[in-house]
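Listed here are the chains, written in short residue letters.
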Amino acid sequence: MTDETSFPDDAFIDGLEAVAHYVRANGTMAKGPTGNLEEAVDRLAARRAACPIVPRPDRHLADELHQFTARR
């Protein structure tokens, strides 16, 4: 849009429709598609580990990754 009186272009309308379809299918309280995965990564980043670069494997993160890839 070039100014406040312009109409939205087709790309904007397409994006708005995509959001509307997502909300209709998942509800307004639904998390974003990566919500649980991001929480698992944040939790791992916040914990103290002997080696912060390569932490020990984490079952919860593995489960979240499995669920995330199954949705694709």
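## Things to note about the overall build of the protein
Part 1: A count of helices and strands for the protein gives three helices and zero strands.
Part 2: What you see in the protein, going N to C, is helices and strands ordered as α-α-α.
Part 3: A burial count over the protein gives 11% of its 72 residues as buried.
Part 4: Just so you have it, the protein exposes about 6500 Å², and 60% of that area is on carbon and sulfur atoms.

## Thoughts on the nonpolar core
Part 1: Counting residues in hydrophobic clusters, the biggest one holds five residues: Leu37, Ala40, Leu44, Leu61 and Phe68.
Part 2: Breaking this core down by element, the ones donating at least two residues are α2 (35-46) and α3 (59-70).
Part 3: The element that contributes the greatest number of residues to this core is α2, accounting for three residues.
Part 4: In this view, alanine 40 contacts His60, Leu61 and Glu64; residues no more than four positions away in its chain are not counted.

## Regarding the pattern of salt bridges
Side-chain pairs of opposite charge can arise where the charged atoms are in close proximity.
Part 1: If you walk through the whole model with that rule in mind, you get one salt bridge.
Part 2: The shortest N-O distance in the salt bridge between aspartate 63 and arginine 59 comes to 3.1 Å. With aspartate 63 and arginine 59 both in helix α3 and four residues apart, this pair spans about one turn of that helix.
Part 3: By relative accessible area, arginine 59 is classed as exposed at 62%.

## Observations regarding a negative patch on the surface
Part 1: There is a patch of like negative charges on the surface, built from Asp9, Asp10, Asp14 and Glu17.
Part 2: You can call glutamate 17 partly exposed: its relative accessible area is 43%.

About the criteria used
Residues numbered from 1 in each chain as written. Predicted model: local features only at pLDDT ≥ 70, side-chain atom pairs only at ≥ 80, totals over all residues. Heavy atoms only, no water. Helix = DSSP H or I, 4+ residues; strand = E, 2+ residues; numbered from the N terminus. Buried < 20%, exposed > 50% of the residue type's maximum accessible area, 1.4 Å probe, protein only. Areas by Shrake-Rupley, 256 points an atom, 1.4 Å probe, with all protein chains shown as cover. Core = buried A, V, L, I, M, F, W, Y, C linked by side-chain atoms within 4.5 Å. Contact = heavy atoms within 4.5 Å. Salt bridge = Lys/Arg side-chain N within 4 Å of Asp/Glu carboxyl O. Patch = residues over 30% accessible without salt bridge, like charges linked within 9 Å, V, L, I, M, F, W, Y side chains within 5 Å. Lys, Arg positive; Asp, Glu negative; His and termini not counted. Charge placed at Lys NZ, Arg CZ, Asp CG, Glu CD.

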